[in-house]
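# Breakdown of the fold
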Amino acid sequence: MKAVVVRAFGGPEVLAVVELPHPNPAAGQVLITTEAIGVGGVDTLVRSGALAAFGITPGHILGQEVVGTVTEVGEGVDTGWIGQRVWAFTGEGGGYTELAVASLETLVPVPAALSAVDAVTLGSSAMVAHFALRHAHFARGESVLVRGAAGGIGVVAVQLAARGGAGVVAVTTSSPERGDRLRALGATRVLDRAGRGAESAPAGYDVIIDIAAGADLPSFFTELEPNGRMVVVGVMAGMPPADFGVEMVKAFRKSTSFATFSADTVPTSDRRAATVELFAAAVRGELKAVVHEELSLEQAVLAHQKMEAGEVFGRIVLIPSVSKDW
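Quick look at the structure, then. Here the structure is a predicted model, which means the values were calculated and not measured.

### A word on the packing of aromatic side chains
Scanning all chains against the criterion turns up 3 aromatic pairs. Seen in terms of ring centroids, Phe 221 and Phe 244 are 6.4 Å apart; in terms of plane orientation they differ by 15 degrees. Their pairing is stacked. Linking Phe 221 in the loop between strand S11 (205-210) and strand S12 (224-232) with Phe 244 in the loop between S12 and helix H5 (246-250), this pair joins segments that are 23 residues apart in sequence. Under the relative-accessibility criterion, Phe 221 is labelled buried at 2%. By relative accessible area, Phe 244 is classed as partly exposed at 21%. Between Phe 221 and Phe 258, the aromatic rings sit 5.8 Å apart at their centres with planes inclined by 70 degrees, giving edge-to-face as the arrangement. With Phe 221 in the loop between S11 and S12 and Phe 258 in strand S13 (residues 257-260), this residue pair connects regions lying 37 residues apart in the sequence. Each residue in the set Phe 221, Phe 244 and Phe 258 is aromatic and connected to the rest through ring pairs, giving one cluster.

Written out as structure tokens, the structure reads:
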């Protein structure tokens, strides 16, 4: 089978398509013939070596989520899963491949009315956005700022905030064109990356969902309303400065809160239940999967180049051309 591996940590050029043996699912696992593979911001961090401290080494297969058909099951798994079309979380990697192994407990059936591309585009991005808003204790009528809103998590967070009755849905983004696209998804105020540019923007926000982090993170503490909450769900602009909390403490009397959020802290059963509902919402037309582009598995380098150039609005999806010799 074909798979995309990280030959050495570095830029997109370190990715290589290789032939690997047919994998066999272990007990409690299934084998999925992939139809669509999600490309995420975390994949670029893995490839660069930023997550090497977590035990990731060269030779690693990228990718954390796939949609496809279950073709084999491991010991203890009901054979009734064979032939079912599912979304699956493959863990720390293993998704950029024609044949992916995943644990049974991560599988979510994909409705017939939802395409494989749309399902993998929503997948973990929608689930993270959903639980990030919950982690922030977002309530109807509150104002929300989504920082770094053009990525996979951001475009869903905008939609969910609007759908949840936010009084204001503000976004930071890199261009007026992207701002127009975010307005079509529910944004009501469009700001530049520094959080400026909309004369009608509120003086502060009850909730900030931050996918970017980076050096500018501390300046957004001043954008929080009294009792406001900032939740960081990504570090796509890099790690914040070591003293980032100083600005928050300066505003001590506003009783603001800062938190990080990782879906790892959500029970698997809750993640699956949320994904089932989010897929159903997409089928009902209440949630839009924003696909930037479909590329072949062999174009993984190009996908990562586009990610690093800041070109992507929504998500890139890789489409495997499954080999017939396995």
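### A word on the nonpolar core
In terms of nonpolar packing, the biggest core is built from 56 residues, with Val 158, Leu 182, Ile 209, Val 233 and Phe 261 touching the most fellow members. With 12 residues, the single largest contributor to this core is helix H2 (residues 116-135). Not counting the four nearest positions on each side in its chain, Ile 209 is found in contact with Ala 132, Leu 133, Ala 136, Leu 145, Val 146, Arg 147, Val 231 and Val 233. Val 4, Ile 61, Val 66 and Ile 316 belong to the second largest nonpolar core, which has 31 residues in total.

### So, the pairing of strand S4 (residues 65-73)
In this structure, strand S3 (residues 29-38) lies alongside S4, joined through 7 bridges in antiparallel fashion. For Thr 34, the partnering residue across the bridge sits in S4 and is Gly 68. Looking at chain direction, S4 and strand S5 (residues 85-89) are connected through 5 bridges and run antiparallel. By the bridge assignment, Gly 68 is partnered in S5 with Val 86.

### What about the pattern of salt bridges?
Enumeration over the complete set of coordinates arrives at 15 salt bridges. Note that Arg 47 and Glu 308 form a salt bridge whose closest N and O atoms lie 2.3 Å from each other. Of this pair, Arg 47 sits in helix H1 (residues 41-48) while Glu 308 sits in helix H7 (residues 300-308), placing them 261 residues apart in sequence. Where Glu 286 meets Arg 163, a salt bridge forms, and the shortest distance between an N and an O atom there is 3.1 Å. Taken as a pair, Glu 286 in the loop between helix H6 (268-283) and strand S14 (291-296) and Arg 163 in helix H3 (residues 152-163) lie far apart in primary sequence, 123 residues in all. Overall, Glu 286 belongs to the partly exposed group, its relative accessible area being 38%. A network of salt bridges, in which partner residues are shared, links Arg 163, Glu 277, Arg 284 and Glu 286.

### Topic: the packing of H2 against H3
Running from amino to carboxyl end, H2 crosses H3 at an angle of 50 degrees, the nearest separation of the two axes being 8 Å. Classified by the angle between their axes, H2 and H3 sit oblique to one another. Crossing geometry of H2 relative to H3 is assigned as right-handed. The residues of H3 that touch H2, namely those facing Leu 122, Ser 125, Ala 126, Val 128, Ala 129, His 130 and Leu 133, are Gly 152, Ile 153, Val 156, Ala 157, Leu 160 and Ala 161. A class-by-class count of the residues in the contact of H2 with H3 yields 10 nonpolar, 3 polar and no charged.

### A word on H3
Quick reminder: α-helices carry 3.6 residues per turn. Residues three or four places apart thus point the same way. Helix length check: H3, at 12 residues, gives a terminal C-alpha distance of 17 Å against a target of 16 Å (1.5 Å per residue), a fit within 8%. Turning to H3, its buried residues number three or more, namely Gly 152, Ile 153, Gly 154, Val 155, Val 156, Ala 157, Val 158, Gln 159, Leu 160 and Ala 161. In the core, the buried residues of H3 are packed alongside H2, strand S8 (143-147), strand S9 (168-172), helix H4 (176-185), H6 and strand S15 (315-319). Where H3 terminates, the next one or two residues include Gly 165, which has phi positive at roughly 85 degrees.

### Regarding unusual backbone geometry
Unlike most non-glycine residues, Asn 227 shows phi in positive territory, near 70 degrees. Position of Asn 227 relative to the elements: it lies in strand S12. At Ser 255, a residue that is not glycine, the phi angle is positive and equals roughly 55 degrees. Relative to the helices and strands, Ser 255 resides in the loop between H5 and S13. For Ser 255, a relative accessible area of 44% corresponds to the partly exposed category.

What counts, and at which threshold
All chains use their own residue numbering, which begins from 1 and follows the written sequence. Local features in this predicted model are restricted to residues of pLDDT 70 or higher, and side-chain atom pairs are both shown and tallied only at a pLDDT of 80 or more, whereas totals for entire chains, interfaces and linings draw on every residue. Side-chain metrics in this entry use all non-hydrogen atoms of the structure; hydrogen atoms and water are not considered. When two rings of Phe, Tyr or Trp (its six-membered ring) have centres within 6.5 Å they constitute a pair, described as stacked for plane angles under 30 degrees, edge-to-face for angles over 60, and tilted for the intermediate range. Only DSSP runs of H or I covering at least 4 residues are called helices, and only runs of E covering at least 2 are called strands; the numbering of each starts at the N terminus. Each residue gets one of three labels from its accessible area relative to the maximum for its type: buried under 20%, exposed over 50%, partly exposed in between, using a 1.4 Å probe on protein chains only. We define the nonpolar core as a collection of buried residues of types Ala, Val, Leu, Ile, Met, Phe, Trp, Tyr and Cys that are connected through side-chain atoms lying within 4.5 Å of one another. Contacts are residue-level and defined by heavy atoms, with any inter-residue pair within 4.5 Å sufficient. Only strands that DSSP links by at least two bridges are regarded as paired with each other. What counts as a salt bridge is simple: a side-chain nitrogen of Lys or Arg found within 4 Å of a carboxyl oxygen of Asp or Glu. Axes here refer to lines fitted to C-alpha atoms; in helices the fit is confined to the stretch in contact. Angles between the N-to-C directions go from 0 to 180 degrees. By the definition adopted for this analysis, an angle is roughly parallel if under 35 degrees, roughly antiparallel if over 145, roughly perpendicular if from 65 to 115, and oblique otherwise. We call a crossing left-handed when the near helix sits turned anticlockwise from the far one by less than a right angle, and right-handed when that turn is clockwise. Under the scheme applied here, ten amino acids are nonpolar (Ala, Val, Leu, Ile, Met, Phe, Trp, Tyr, Cys and Pro), four are charged (Asp, Glu, Lys and Arg), and all others, including Gly, are polar. Here the expected span of a helix is defined as 1.5 Å times the quantity of residues minus one.

Keep in mind that these numbers describe shape and distance, not what the molecule does.
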